Each structure stands twice: as C-alpha cells, then as structure tokens.
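Here's the letter readout for the chains.
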Amino acid sequence: MPRFCLCLPRKIKRGYKVDEAMEKNTSEALRDIANRLRVDSIKSTNAATSGHPTSCCSMAEIMSVLFFNTMRYKVTEPRDASNDRFVLSKGHAAPILYAAWAEAGLFPVDDLLNLRKIDSDLEGHPTPKLNFVDVATGSLGQGLSCAAGMAYTGKYFDKASYRVYCVIGDGEAAEGSIWEALSFAGKYKLDNLVAIFDINRLGQSEPTAFQHEMELYKNRLESFGFNTYVIDGHDVEALCKAFHDAGTVKDKPTAVLAKTYKGKGIPGIEDEENWHGKPLGDKADDAINAIIKSMSNQGPPQLCPQKPLKEDAPAVDISNISLSEPPSYNIGDKVATRLAYGVALTKLGHNNERVVAMDGDTKNSTYSDKFKKAFPDRYVECYIAEQNLVGVAIGCSTRGRTVPFVSTFAAFFTRAFDQLRMGAISQVNIKCVGSHAGISIGEDGPSQMALEDLAMFRTLPGATVFYPSEAVSAERACELAAQTQGICFIRTSRPATAVIYSNDEKFEVGKAKVVKQSDGDQVLVIGAGVTLHEALKAAESLAEQGINIRVLDPFTLKPIDKEAILENARECGGRIITVEDHYPEGGLGDAVGEVVSMERNIIQKRLAVRKIPRSGPSDVLLNMFGISAKCIEEAVKEIVTM
C-alpha cells in the first residue's frame, strides 16, 4: 500500500470551479510532488553518472498531476486489467517515471539510486521487466501507437472504463509513426486516449523544428480530429482542468499540448542548450537546494495517488486457442498458403473471442478479409501505415487482453522493423503474417517481393518463424502461433501449391518433416514454401536418372530442427542442398548452416536469390534466379561428385 494516505477531496465540476481552500491545498501538494520528482530524477541520474535529468524536469508537473490527481490505478497491482494505462513514449525520461511509482509507494524511494546499475531493473529506458511498464520505449516515436492499441482494446474489445495516457516528446513528434498513430486515433474516435506532448523546445543537439510554436502544433493535432488543449505545462491547475475536461469529451481523442522548459527549476540550466542526456554532476547540490527551497512542504507527498477504480475490465482467457475444426483438404489440391491463413484465422476466431486481426489495407490479398467477414467487430483496419499497424498490435496485446494476428505483404514488415525490435524487448505476444513472399509472386516485381523477411524475423530474440509449404501445415502454423508466447512470424506464399499432408498430420514447433526418402538417398534437399515443391519435382526427375534425394520440410526456421537435419544429412552421405525464395543472407540456408557449422563430414550448397530480381512469370523467375527444380537437379549432380 502507499506510504502516505492524506487524501484531499476533489470536487471538480465541468467548469472546474472548486473550493478555494481545497484548490490551494491540492495545487500546492501537486507542485511539491512535481519538485520531489525533479529532485529524485537529479539524484538518481547523478548516482548513475548518466541519464536525462533535464528531460525529466520539463514534465514533472505532468507526472505529478497524472499520478497523484488524475489516473485511477492500484499501486499494489500496476498491471491490474482495470487500471488506467500510462505510456512514456519519451523513454529517456525514465527516471521520473520510476520516481513517480516510488513516490506513489510501489517501492522505496532510495531504490532510485540504483538507476542503470547492472543488478537493477531500473534501466536507462523503461522495459516490462518492471511490473509498471507495459511496453519498452526509448526508440522514439513508438509509444503513441502502442497507447492507441491499448485505447482501442479498452473501447472496442474490453468495453471498459480505463483510460490511456501517453507522454510524447516534441523532438520525437517529428517521427512519421507519431502521425500515423494520430491518424488512427482520430479515425477510430478513441475518446479514452490522451496524448500529452511535452513541448520543451530543445532536442538533443539543437532546438526542435518548431520550438514553442504552439498554434502550429494545435492546428496539426486538430486536423487529425483531436480535442486539443494548449496549456502551460508547469501549471498544475491547468493540467488538472485539461485532464478532467478530456474525460468528458466523447468520440474524440484528446491532445494536451504542454508548453514546458527543459531543465525547469534548475538555475542556469533551465531552457539552456547542451544539457540533453547529462547528469548535473557538481551542479546537482545547488540545483536540489534551489528546488527544495521552492517547496511548501518538504516531507512526503501529501496526496494519495489512489483514486476510486471502476473494475469493469472483463476476465480474459487466451490459453489453449485452437482451430474450431481441423483442416479439410484433399491431397493434391492446389491451395495458396495465404488463403489457408485466412481460413485458419477464422477458425481460431470461432474458438476464442480474444483472437483479433488487423491489416494494412491488403486484406483481400492476405485473406484476412475472411476474418473480417466473420467477426467485423474484432477486425481492425490500420490502412497503409505499417509502423502504426505493428505498434497498435503491440498495444492490443498488453496485459494479455488479446492475441493479435497482424497481416500485410511480407516486404512491408521491413518498414516496421524498429517496432518489431522494440516489441521483442517488450516480450510482446503478437502474430505477424507476411504474404507475397519471394520472387514466386511473379509480375509485381522486386518492390513487392519479400526477400529479407526471414532474416529480419530470425534476428528477433525469442521469435518463432514458421514457413509452411501447403495448406494443412499453414493452418497448423496459425494454430501453433496462437499457442506460442512471443512474436511469431508466418511466411505465406502467393502461388497455389499442392496439399501434401493429410488433414490429421501432427505439427510441432521446431520439428521438421521428411516428405520424400528412400534407402539410397545421396543428397538431403531442404526447401520451404514454393521451393519445397520445386525440390519434389527435382526428386522425381532425378529418380528417373537413377539419383535418389531426400526432401525435408523444416516447417519452422526458428527454432530449426537440428536433430532431424543432422540425422538425415548423415544418412545422405553428409550432403545438404538448401533452396530458398529469399536472399542468401539470414534465411533458410543460414539457419541450416548454423546447425552444421561444427559438424565433421557434412557439406552444404546453398541455392538462393542472389541478385535483385525483376518482373516476370513465377516459373520463369524461379529458373532465372537459380531456385527452380531444374537448378536443384544441377546442384544435386554437382554435389554428388564432390
């Protein structure tokens, strides 16, 4: 429980006309708390000999009012489903976030002096190692998308009372992802979202582009459909009023544009350049003394942070999600794995109402439109804004409220790689599905051909990478992804490929399938997606020539089935050929290469797309760029003579 509980009454009416004594006491207490947060931030960064105290000082009143007047939350249960959410998009101001929770009573204030130490979870930027942090921030421009995902979940999925507050730095407001998020929030009328811009004028190396041009910010925010307030960000009464009034606005998100000063309250440093990311050093004591002198009460905070909480977020179960019915195909049917994804996603939606889907205006190509037709209330159209698409999914997944499936062309996930990277740090639970992978898409040309996606997702810590080759395995990949914690990527293909597995075939994460073998196999060929089918074609042709090869479907590239690869390679004379519709760096070939790198008497030949491709028919491109059945045959004949 909080260390202090002198809770003052708050009767805030629509016009914000309050009892004068109460207003005076509350305002003084909030100003004192803001200054305590400044002192905490200066002390902790000085102890760490690194950090961003001036960035913290500009938002001290914002944090004081939010945590000690506005937000509803349980101090003892920071991730309670019904709590208001707080996202610090300007993650370098982490010390003041830590200070707010410490002053609220979650942990001892003295622990703040462990900031950035190797054995402390109070790291330089927030991560969910801390039970009061939902998403990792610090790579700027991402917090608002995550906050919008939380707000969307609260309004449309949970239908609950909690609100979402996000503090954004004016420097990071130059990021396009911020404007994607603003567009999304305005479009979906997220009236439970408050975006607070800490406009302190100074960036890292020089003043921001628009400094204190508050009308410019206001016009931009209003153009995105935001209810907008321009206020003095160091005026606690103005902040209280703005946050109160925001709670009465319907069908519009709110933006609070707070004019602030970097290093506020520090003599000789306030509003001065060249103090970004620097502890105060030998200036700290004078700064602290000056701040303390301005305080009415130098003791513990005189406000209780705990406001009455409406506990109306519903109970959620996202365990044991499965297909509502098994796959239903015939061996030999030609079905694109992207189509099987749409079918499987809909089945998952029937099984669990917390499976949600979102797309970037490619739903009729990824086939997520099948889910939309079945469950329009659980489908989120994010339009052509892939950074926000991934950020919203991350926000939707927090606190285990939903299992989001995120689809677009696989190539377009590359522009959201930073969001995915931060999502891995956040240990989020999202499922990304990339269609139109590789040169096999044909005439659309190289701009649409994902040839880097496997490498990208394989680099993400804790990620699982599925690469199904036909419809049955694609449906099971979706089911397994829903059951697997963390970021999952499912690569789907545009061409229709033959069904090779029975509907009751069992699949497991990290377990490969041998799809063709004999006692006299001379080479192990490993393919995935369309190249698995090219390998099967090659196997038939080679068998007629008296050369037998074994064909293996890895199913997942991360984790990859090391045991199956090594066992089958040894049975095939230690010869492996990998063939992939991907650039050679980071894909299937590299995954297999990591498995065999320290193994004696095993050699590997890699077939991959080694040049920038071009438009053309799929089969022509496969041959032109060296990954067709014909190319596999030639590689087999070469390797058996080695």
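Residues numbered from 1 in each chain as written. Predicted model: local features only at pLDDT ≥ 70, side-chain atom pairs only at ≥ 80, totals over all residues. Heavy atoms only, no water.

The name an unreviewed UniProt entry assigns to the protein is Transketolase, from the organism Limulus polyphemus. Under the heading Subunit (unreviewed entry), UniProt records this for the protein: "Homodimer." (UniProt positions renumbered as here; feature names shortened; annotations may be inferred.)

Draft legend 1. Here's a closer look at the overall build of the protein. Helix and strand counts for the protein stand at 21 helices and 19 strands. The globule rule puts the C-alpha radius of gyration for 642 residues at 26 Å, and the 28 Å found for the protein is close to it. Along the first, second and third principal axes, the C-alpha set of the protein runs to 95 × 50 × 45 Å. The 642 residues of the protein split such that 61% are buried. Restricting to contacts in the protein with at least 6 residues of sequence separation, those with at least 24 account for 79%. Accessible surface for the protein amounts to roughly 24000 Å². Of this, 47% is attributable to carbon and sulfur atoms. Within the protein, the 83 negative side-chain charges are centred at a point lying 3 Å from the centre of the 74 positive side-chain charges. (Helix = DSSP H or I, 4+ residues; strand = E, 2+ residues; numbered from the N terminus. Rg over C-alpha atoms; globule rule 2.2 N^0.38 Å. Buried < 20%, exposed > 50% of the residue type's maximum accessible area, 1.4 Å probe, protein only. Contact = heavy atoms within 4.5 Å. Areas by Shrake-Rupley, 256 points an atom, 1.4 Å probe, with all protein chains shown as cover. Lys, Arg positive; Asp, Glu negative; His and termini not counted. Charge placed at Lys NZ, Arg CZ, Asp CG, Glu CD.)

Draft legend 2. Spotlight on the sheet that holds strand S18 (residues 575-579). What the five strands build is an open sheet, ordered S14-S16-S15-S18-S19; its pairing is mixed. Both edges of this open sheet fall to strand S14 (513-516) and strand S19 (603-607), since each of them pairs with a single strand only. This sheet shows a mean twist of 25 degrees between the axes of neighbouring strands, independent of strand direction. Here four bridges tie strand S15 (residues 523-527) to S18, and the two strands are oriented parallel to one another. By the bridge assignment for S18, Val525 is matched with Ile577. Packed on one face of the sheet, helix H17 (residues 530-544) meets S14, S15, strand S16 (549-553) and S18 and runs near 165 degrees to S16. (Pairing = 2+ DSSP bridges. Axes fitted to C-alpha atoms, helices over the stretch in contact; angles between N-to-C directions.)

Draft legend 3. Quick look at the pattern of salt bridges. Within this structure, the stated rule accounts for 32 salt bridges. For Glu534, the salt bridge identified is with Lys537, shortest N-O distance 3.1 Å. Remark: Lys537 and Glu534 occur in helix H17; sequence separation between them is three residues, near one turn of the helix. Since its relative accessible area comes to 10%, Glu534 is described here as buried. Judged by its relative accessible area of 49%, Lys537 falls in the partly exposed class. (Salt bridge = Lys/Arg side-chain N within 4 Å of Asp/Glu carboxyl O.)

Draft legend 4. Structural view of the nonpolar core. Core analysis: the biggest nonpolar cluster contains 84 residues, and Phe197, Met358 and Phe457 have the highest contact counts within it. Per-element tally for this core: the top contributor is helix H5 (residues 143-157), with eight residues. Apart from the residues lying within four places of it in its own chain, the contact partners of Phe457 are Phe413, Leu420, Cys432, Ala463, Val465, Ile487 and Phe489. Among the nonpolar cores identified, the runner-up in size contains 53 residues, and Ala94, Ala99, Val236 and Ala258 belong to it. (Core = buried A, V, L, I, M, F, W, Y, C linked by side-chain atoms within 4.5 Å.)

Draft legend 5. Spatial organisation of the UniProt feature "domain: Transketolase-like pyrimidine-binding" (unreviewed entry) in the protein. Per the UniProt record, the feature "domain: Transketolase-like pyrimidine-binding" (unreviewed entry) sits at residues 335-499. Helix and strand shares over residues 335-499 are 39% and 19% respectively, and the end C-alpha atoms of the span are 7 Å apart.

Draft legend 6. Representation of helix H6 (residues 176-187). Across its twelve residues, H6 extends 17 Å between first and last C-alpha, which sits within 8% of the 16 Å expected from 1.5 Å per residue. Residues Ser177, Ile178, Trp179, Ala181, Leu182, Phe184, Ala185 and Gly186 constitute the buried set of H6. Positioned one or two residues after H6, Lys189 has a phi angle of 50 degrees, which is positive. (Expected span 1.5 Å × (residues − 1).)

Draft legend 7. Broad picture of the packing of aromatic side chains. This model, assessed by the stated rule, comprises 23 aromatic pairs. On the basis of an interplanar angle of 40 degrees and a centroid distance of 5.9 Å, the ring pair of Tyr152 and Phe184 is categorised as tilted. Linking Tyr152 in helix H5 with Phe184 in helix H6, this pair joins segments that are 32 residues apart in sequence. Put simply, the rings of Phe67, Tyr73, Phe86, Tyr98, Trp101, Phe107 and Phe132 pair up and form one aromatic cluster. Between the NZ or CZ atom of Lys187 and the centre of the ring of Tyr188, over which it lies, the distance is 5.8 Å. Looking at Lys513, its charged tip hangs above the ring of Phe507, at a distance of 4.9 Å from the centre. (Phe/Tyr/Trp six-rings, centres within 6.5 Å; stacked < 30°, edge-to-face > 60°. Lys NZ or Arg CZ within 6 Å of the ring centre and 35° of its normal.)

Draft legend 8. Structural view of the state of the cysteines. Applying the stated criterion across every chain, the model contains zero disulfides. The thiol of Cys382 is unpaired, and the distance to the nearest cysteine sulfur, on Cys396, comes to 7.8 Å. Taking relative accessible area as the criterion, Cys382 reaches 5% and is therefore assigned buried. The thiol sulfur of Cys478 is not disulfide-bonded, and the nearest other cysteine sulfur, from Cys488, lies at 10 Å. Look at Cys478 and you get buried, because its relative accessible area is 1%. (Disulfide = S-S within 2.5 Å.)

Draft legend 9. Highlighting the pairing of strand S2 (residues 164-169). Burial runs high along S2: six of the six residues are buried. The pairing of strand S1 (residues 85-88) with S2 spans four bridges and is classified as parallel. When the sheet's bridge partners are listed, Arg85 is paired in S2 with Val164. Once the chain exits S2 it traverses H6 before rejoining the sheet at strand S3 (residues 193-199), and the crossover so formed is right-handed. (Right-handed = clockwise from strand over helix to strand, strands pointing away.)

Draft legend 10. The arrangement of the confidence of the model for the protein in detail. Within the protein, residue pLDDT values average 95, and 96% of them lie at 70 or more. Segment residues 1-16: pLDDT under 50, and 49 contacts once partners within four positions in sequence are set aside and those in other chains are kept. (pLDDT = per-residue confidence, 0-100.)

Draft legend 11. Region of interest: the side chain of Asp553. Here Asp553 is to be found in strand S16. It turns out Asp553 is buried and unbridged, and the closest side chain with the opposite charge, Lys513, is 8.4 Å from it. A distance of 3.0 Å separates the side chain of Asp553 from the backbone nitrogen of Phe555, its partner in a polar contact. Look past the residues within four positions of Asp553 in its chain and what remains in contact with it is Tyr467, Ser469, Tyr501, Ala512, Lys513, Val515, Gly527 and Leu532. (Polar contact = N/O pair within 3.5 Å; in protein donor to acceptor, adjacent residues only side chain to side chain.)

Draft legend 12. Representation of unusual backbone geometry in the model. That bond from Lys558 to Pro559 is cis: its omega, -5 degrees, falls within 30 degrees of zero. Notably, Thr49 is not glycine yet its phi reads approximately 55 degrees, a positive angle. Relative to the helices and strands, Thr49 is located in the loop between helix H1 (20-48) and helix H2 (53-57). You will see that Gln427, though not glycine, has its phi angle at about 55 degrees, which is positive. Along the chain, Gln427 turns up in the loop between helix H14 (417-425) and strand S10 (431-435).

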